[in-house]
Amino acid sequence: MKKLIALLCAFAVCVSLASCGKESKKDESVKEVNAETTEKESNVLTVKAAMLKGDHLYFVVENNFDKPVKGFDYAYASYDSDGEVIGDSYTHTCSDAVNIAPGKKQCVEGYVFDSDSVYVDIMITSVTFGEDDTWELKNRYEKTPKNTFDIDAYKKNVSALANEVTDLQDNPYLDIATSFVYDDSAYFVVENISGKTIIDFEIIYRKYDANGLSIDNGYSRQKISSANMLAGEKDAVSAWESSTAYVKGVISSITFDSGEKWSNPDAEIWAITRGNFSVEEYNAEIAAMAEEAKKAETAPYLTIVSTEKYNDNSYSSSDDFDFEIKNISGKTISKADFMVLEYDANGYAISTSSYNNYCKNSRTVSGTVNLSPDEQSGFTSDLFFSAECEQYKCIVSAVTFDDGTEWKNPYLYEWILINSPKYIAS
């Protein structure tokens, strides 16, 4: 994986180069090219793709100069959904600082103020390499937009760029095992596959509707602070999302406990070049998890001998939960955690709480057990089940030993994902 730093830049609209802090007076360090020169000569900072999300513009530029680009200005022309031009001139804007190495691409952000705009044609008008080293496009203010936008050519360019970054959803440190959407929240099941503790990380993701169609052409990001994921640990993190059926994401940055940082400079490029979501592939991916989900039901250190749901309180419709467990490890277990899924008489998920995690029918029970090796004991959680609950499933989700070490069920989230929608007989 390339060791580079991702940078997302914001842009402000400027009425002229002078208003962006640039002198209108030319000097010998400025190189000019005529706006009508050949594409090969003029496209030294090339726009590879551009997408709109409301009034936000995301576009990818490639530095074909032989030195780093520290900043650039650009102009855009707007087009409607049919590719017809909106207006008769380019809108000139200026950029904040960037740092694009020779031969590298970077995704940057700007704004478009034409409410009917669906496509944009972007023209790079000037480039800054250093304090006194600048390239400018001659006749940039006289150039007028084409009447129509070549939508087919644009889609081919985006597709080609997408193929270049297809593998960027993978990195050698933190894996997104799967993602799903539930009750206006997007969940990402992540696993620390590095040998180091991960302190925090960021996910960039795209959103899709029930048919797998992109909800917008932009992307969202979620920063996970204080993640504190140990090597080999798995967790599920969430982001609030409404009116979304599916999400697909990529890890964009990671901070390790040593202070070392890893960043994916192409994460934004990956995000804006994604096509529609394959619901069929997703369903096949979930189905393939069934085998791993089954493994969650067998814990290596603590076994559930029996469970019982019964009503011991005539004044309540909530049933109690009795469970018998046995320590099958060689160490004393001080604490245990269990995950329970609740269903109605027909086997459909019921709502257990407004504060549930990962699925609406999950409940957790945990506490001190103090079981010596080979010791077996029973425990009760009073008024545990919801009144509508007729069926349930339970697994050991975590174990804490008296020496302070912990075991967490590595297949917990696969089990939740497979079993939460409907009761599946063992």
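Placed above this text is the structure.
Residues numbered from 1 in each chain as written. Predicted model: local features only at pLDDT ≥ 70, side-chain atom pairs only at ≥ 80, totals over all residues. Heavy atoms only, no water.

All right, on to the pattern of salt bridges then. One pass over the full model with this rule turns up 17 salt bridges. The salt bridge involving Lys105 is made with Glu62; its shortest N-O contact spans 3.7 Å. Of this pair, Lys105 sits in strand E7 (residues 105–111) while Glu62 sits in strand E4 (residues 56–63), and the two are 43 residues apart along the sequence. Residue class for Lys105 comes out partly exposed when judged on its relative accessible area of 21%. With a relative accessible area of 15%, Glu62 lands in the buried category. (Salt bridge = Lys/Arg side-chain N within 4 Å of Asp/Glu carboxyl O. Helix = DSSP H or I, 4+ residues; strand = E, 2+ residues; numbered from the N terminus. Buried < 20%, exposed > 50% of the residue type's maximum accessible area, 1.4 Å probe, protein only.)

With that out of the way, let us pick up unusual backbone geometry. If you check the backbone angles, Ser243 has positive phi at about 55 degrees while not being a glycine. Among the structural elements, Ser243 can be located in the loop between strand E14 (234–240) and strand E15 (246–256). Residue Ser243 is classed as exposed on the basis of its relative accessible area, which comes to 65%. Even without glycine at this site, Asp374 takes up a positive phi of about 70 degrees. Tracing the sequence through the fold places Asp374 in the loop between strand E20 (362–371) and strand E21 (376–381).

We now examine the packing of aromatic side chains. With the rule as written, the count across this model stands at 29 aromatic pairs. On the basis of an interplanar angle of 45 degrees and a centroid distance of 4.9 Å, the ring pair of Phe385 and Tyr392 is categorised as tilted. These aromatic residues form a ring-pair network of at least three members: Phe321, Phe323, Phe338, Phe379, Phe384, Phe385 and Tyr392. One cation-aromatic arrangement involves Arg363 over Phe384; the distance from NZ or CZ to the ring centre is 4.5 Å. (Phe/Tyr/Trp six-rings, centres within 6.5 Å; stacked < 30°, edge-to-face > 60°. Lys NZ or Arg CZ within 6 Å of the ring centre and 35° of its normal.)

Right, let's talk about the side chain of Thr178 for a bit. The topology assignment puts Thr178 in strand E10 (residues 174–182). We classify Thr178 as buried; its relative accessible area is 6%. Apart from residues lying up to four places away in sequence, Thr178 is in contact with Tyr187, Phe188, Val189, Tyr282, Glu285, Ile286, Met289 and Leu417. (Contact = heavy atoms within 4.5 Å.)

Turning our eyes to something else, we now look at the nonpolar core. Counting residues in each nonpolar core, the largest one holds 49 residues, and the members touching the most others are Leu57, Phe59, Phe72 and Val127. Contributions of two or more residues to this core are made by strand E3 (45–53), E4, strand E5 (71–79), E7, strand E8 (119–130), strand E9 (133–138), helix H2 (151–164) and helix H3 (267–272). Here the element with the most residues in this core is E8; it accounts for 7 residues. Core analysis: the next-biggest nonpolar cluster, separate from the first, contains 25 residues, Val189, Tyr343, Leu412 and Tyr413 among them. (Core = buried A, V, L, I, M, F, W, Y, C linked by side-chain atoms within 4.5 Å.)

Okay, the side chain of Asn361 next. Mapped onto the secondary structure, Asn361 falls in the loop between strand E19 (333–343) and E20. Side-chain polar atoms of Asn361 contact the backbone oxygen of Ser420, separated by 3.2 Å. Those residues in contact with Asn361 that lie beyond four places of it in its chain are Val340, Leu341, Glu342, Tyr343, Ala349, Ile350, Thr352 and Ser420. (Polar contact = N/O pair within 3.5 Å; in protein donor to acceptor, adjacent residues only side chain to side chain.)

The 4 strands lie next to each other as E20-E19-E22-E23, forming an open sheet whose pairing is antiparallel. What marks the edges here is a single partner per strand, and that holds for E20 and strand E23 (406–408). For this sheet the average axis-to-axis angle between neighbouring strands, irrespective of direction, equals 25 degrees. Where E19 meets E20, 8 bridges bridge the pair, whose relative direction is antiparallel. (Pairing = 2+ DSSP bridges. Axes fitted to C-alpha atoms, helices over the stretch in contact; angles between N-to-C directions.)

This paragraph deals with helix H6 (residues 412–419). Of all 8 residues that make up H6, 8 are buried, and the element is covered over most of its length. Of the positions making up H6, those classed as buried are Leu412, Tyr413, Glu414, Trp415, Ile416, Leu417, Ile418 and Asn419.

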